[in-house]
Amino acid sequence: MIQGKAVEKAVRRRPAAKVDVERLRLLFRDIVVGSRSSARRRLASLELTPTQIMTLRMVAEHEGSTIGEIAEALSVSPPVMTRVLDRLERRGLVCRKAEARDRRKTRVSLAPSGRRLRRRIAQVWAVIGESMFHGFGPPERAMLFAALDRVHGNLERMGRAGR
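Worth saying up front: this structure is predicted, and the values here are computed from it rather than measured.

How each quantity is defined
- Each chain carries its own residue numbering, running from 1 in the direction its sequence is written.
- Local features are withheld for residues below a pLDDT of 70 in this predicted model, meaning they are given only at 70 or higher, and side-chain atom pairs are given and counted only at 80 or more; totals for whole chains, interfaces and linings count all residues.
- For the side-chain quantities, the full set of heavy atoms in the structure was used; hydrogens and water were omitted.
- Only strands joined by at least two bridges in the DSSP assignment are considered to pair.
- A run of H or I in DSSP becomes a helix once it reaches four residues, and a run of E becomes a strand once it reaches two; helices and strands are each numbered from the N terminus.
- Contacts were defined at the residue level, with two residues in contact if any of their heavy atoms lie within 4.5 Å.
- Lines fitted to C-alpha atoms define the axes here, with helix axes fitted over just the stretch in contact, and angles between the N-to-C directions of these axes take values from 0 to 180 degrees.
- By convention in these notes, a salt bridge is any Lys or Arg side-chain nitrogen within 4 Å of a carboxyl oxygen on Asp or Glu.
- Partly exposed describes any residue whose relative accessible area lies between the buried limit of under 20% and the exposed limit of over 50%, with all areas from a 1.4 Å probe on protein chains only and scaled to the type maximum.
- Roughly parallel means an angle under 35 degrees; roughly antiparallel, over 145; roughly perpendicular, 65 to 115; everything else is oblique.
- Here the term charged refers only to Asp, Glu, Lys and Arg, the term nonpolar to Ala, Val, Leu, Ile, Met, Phe, Trp, Tyr, Cys and Pro, and the term polar to all other amino acids, Gly among them.

1. Quick notes on the sheet that holds strand 3 (residues 106-110)
Read from one edge to the other, the open sheet built from three strands follows the order 1-3-2, with strand pairing classed as antiparallel. For this open sheet the edge positions go to strand 1 (65-66) and strand 2 (94-98), each flanked by a neighbour on one side alone. In this sheet, strand 3 lies alongside strand 2 in antiparallel orientation, the contact comprising five bridges. Directly across from arginine 96, in strand 3, lies its bridge partner valine 108. Contacts from helix 5 (residues 78-90) reach strand 2 and strand 3 within the one sheet, and its direction differs from that of strand 2 by about 120°.

Below is the structure:
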């Protein structure tokens, strides 16, 4: 296994390859589908939709966000997010509280049972991640994430530029 500086040297020595975007898209699709399938099997007993799981993560990471902010971050409409939060609230996983100054704005936080469930979900994703990156050393993982962050940033800039 090539590690650290050896990986960087190998990458620098290779001639610039033509980017096979279609192959890259297929790889990304397979990674997403495979990881979701594994997560679905491991999390089936929780009876949560993928959107509910992502919402719990977003609320955990941005405690006190408004419904609109969560909706925007997850690329869904505020009415859809309201329905998702209705279901999570009925299960006792989230709490909503109207702002004192502007009662039209509602802040969302995790309930204690939502925090426990969120930790359990994070543990499942950690196991999946370890399986996905089996055989990768820390330098390889760091380089892969750095490269993917750059690709993500490039795509965001393309979107803002309307390309």
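2. A word on the pattern of salt bridges
Under the defined criterion, the tally for this structure stands at 10 salt bridges. A salt bridge links arginine 115 to glutamate 63; the nearest nitrogen and oxygen atoms lie 3.4 Å apart. Of the two residues, arginine 115 is situated in helix 6 (residues 112-132) and glutamate 63 in the loop between helix 3 (50-61) and strand 1; the sequence distance between them amounts to 52 residues. By relative accessible area, arginine 115 is classed as partly exposed at 37%.

3. Some thoughts on the packing of helix 3 against helix 5
As a packed pair, helix 3 and helix 5 sit with axes 10 Å apart at the nearest point and diverge in direction by 85°. In terms of axis orientation, helix 3 runs roughly perpendicular to helix 5. On helix 5, the residues touching Thr51, Gln52, Thr55 and Leu56 of helix 3 are Met81, Val84, Leu85, Arg87 and Leu88. Taken together, the residues that form the contact of helix 3 with helix 5 break down as five nonpolar, three polar and one charged.

Interpretation in functional terms is not warranted from these geometric data alone.
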